[in-house]
Amino acid sequence: MAGSIMVTFKTKLLSELTSIPGTAGVKMSFGDPGENALKENIWFGRIFNNEHDAVALKAGRRRREENFTLEVYVEVGGTRLTPERSETRALELGLLIEEYLADNPKLDGTVDCLLFAVVSGMELFTSSTTDGPLTRYTISVDVKARLL
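Quick summary incoming for the structure in this document. Because the structure is a prediction, the values reported are computed rather than measured. (Residues numbered from 1 in each chain as written. Predicted model: local features only at pLDDT ≥ 70, side-chain atom pairs only at ≥ 80, totals over all residues. Heavy atoms only, no water.)

1. A few points about the sheet that holds strand 3 (residues 64-77)
Next, step 1: What the five strands build is an open sheet, ordered 1-2-3-5-4; its pairing is mixed. Unpaired on one side and paired on the other, strand 1 (27-29) and strand 4 (114-129) mark the two borders of the sheet. This sheet shows a mean twist of 20° between the axes of neighbouring strands, independent of strand direction.
Next, step 2: Taken strand by strand, helix 1 (residues 6-18) contacts strand 1, strand 2 (40-54), strand 3, strand 4 and strand 5 (132-147), and its axis lies near 150° from that of strand 2.
Next, step 3: The strands touched by helix 2 (residues 83-103) within the sheet are strand 2, strand 3, strand 4 and strand 5, with strand 5 carrying the most contacts at an inclination of about 15°. (Pairing = 2+ DSSP bridges. Helix = DSSP H or I, 4+ residues; strand = E, 2+ residues; numbered from the N terminus. Axes fitted to C-alpha atoms, helices over the stretch in contact; angles between N-to-C directions. Contact = heavy atoms within 4.5 Å.)

2. Brief notes about the nonpolar core
Next, step 1: Counting 31 residues, the largest nonpolar core has Ile5, Phe9 and Leu13 as the members making the most contacts within it.
Next, step 2: Of all the elements in the fold, those that place two or more residues in this core are helix 1, strand 2, strand 3, helix 2, strand 4 and strand 5.
Next, step 3: If you tally residues by element for this core, the top one is strand 5, at six residues.
Next, step 4: In this structure, Phe9 is in contact with Phe68, Leu70, Leu107, Val111, Leu114, Ala117, Val141 and Val143, ignoring residues within four places of it in sequence. (Core = buried A, V, L, I, M, F, W, Y, C linked by side-chain atoms within 4.5 Å. Buried < 20%, exposed > 50% of the residue type's maximum accessible area, 1.4 Å probe, protein only.)

3. Examining the side chain of Thr23
Next, step 1: Mapped onto the secondary structure, Thr23 falls in the loop between helix 1 and strand 1.
Next, step 2: Reaching out from Thr23, the side chain makes a polar contact with the backbone oxygen of Leu17 at a distance of 3.5 Å.
Next, step 3: Setting aside chain neighbours within four positions, we find Thr23 in contact with Leu17, Thr18, Met28 and Leu96. (Polar contact = N/O pair within 3.5 Å; in protein donor to acceptor, adjacent residues only side chain to side chain.)

4. What to know about helix 2
Next, step 1: Here helix 2 contains 21 residues, and its C-alpha end-to-end distance of 30 Å stays within 8% of the 30 Å for a straight helix at 1.5 Å per residue.
Next, step 2: Ser86, Arg89, Ala90, Leu93, Gly94, Ile97, Tyr100 and Leu101 are the residues of helix 2 that are buried. Angular distribution of buried residues about the axis of helix 2 spans 130°; they occupy a single face of the element. Residues of helix 2 that are exposed and point more than 90 degrees away from the buried face comprise Glu84, Ala102 and Asp103.
Next, step 3: Of the surrounding secondary structure, the elements contacted by the buried residues of helix 2 are helix 1, strand 2, strand 3, strand 4 and strand 5. (Expected span 1.5 Å × (residues − 1). Arc of directions from axis to C-beta.)

5. Some thoughts on the packing of aromatic side chains
Next, step 1: The tally for this structure, following the rule as stated, stands at three aromatic pairs.
Next, step 2: Summarising the aromatic geometry, the rings of Phe30 and Phe44 are spaced 6.4 Å apart at their centres and angled 75° between planes, so their arrangement reads as edge-to-face. With Phe30 in the loop between strand 1 and strand 2 and Phe44 in strand 2, the pair connects residues that are 14 residues apart, well separated along the chain.
Next, step 3: Phe44 sits in the buried class, given a relative accessible area of 3%.
Next, step 4: The ring centre of Phe48 lies 4.3 Å from the NZ or CZ of Arg46, which sits over that ring.
Next, step 5: Across from the ring centre of Tyr73, 4.6 Å away, lies the NZ or CZ of Arg136, which sits over that ring. (Phe/Tyr/Trp six-rings, centres within 6.5 Å; stacked < 30°, edge-to-face > 60°. Lys NZ or Arg CZ within 6 Å of the ring centre and 35° of its normal.)

Any functional reading would require information that these geometric values do not contain.
Written out as structure tokens, the structure reads:
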């Protein structure tokens, strides 16, 4: 077993999000799609606040709890959109992620050691570009695991 579930968690979450109804035509990627971005994108950003705490103080091998936050980005842009429509669409896509995690906080038990994943915060920002408005909706997902 690895010393962290970060990569396993991201891999499984990406697989699950790809199969959610309503995400057809959305570019899903493990990291920033860069120049390969489409008008609608969902991708993973940084993981931060990764902390490991001993579950119990005792002699011998100790189990640890891993706690971290994953940034999930929803980006929407396009020349035919108003800023309001761009933000509305980003929130619609974000709601699919929120609802999936609300219904599946353990990712259906398919990630070893995962206790739960929950949405813990959000941020919304729209900028004007030569290609129309570009909205970035950041969803913070808190993850807790018990490592052996």
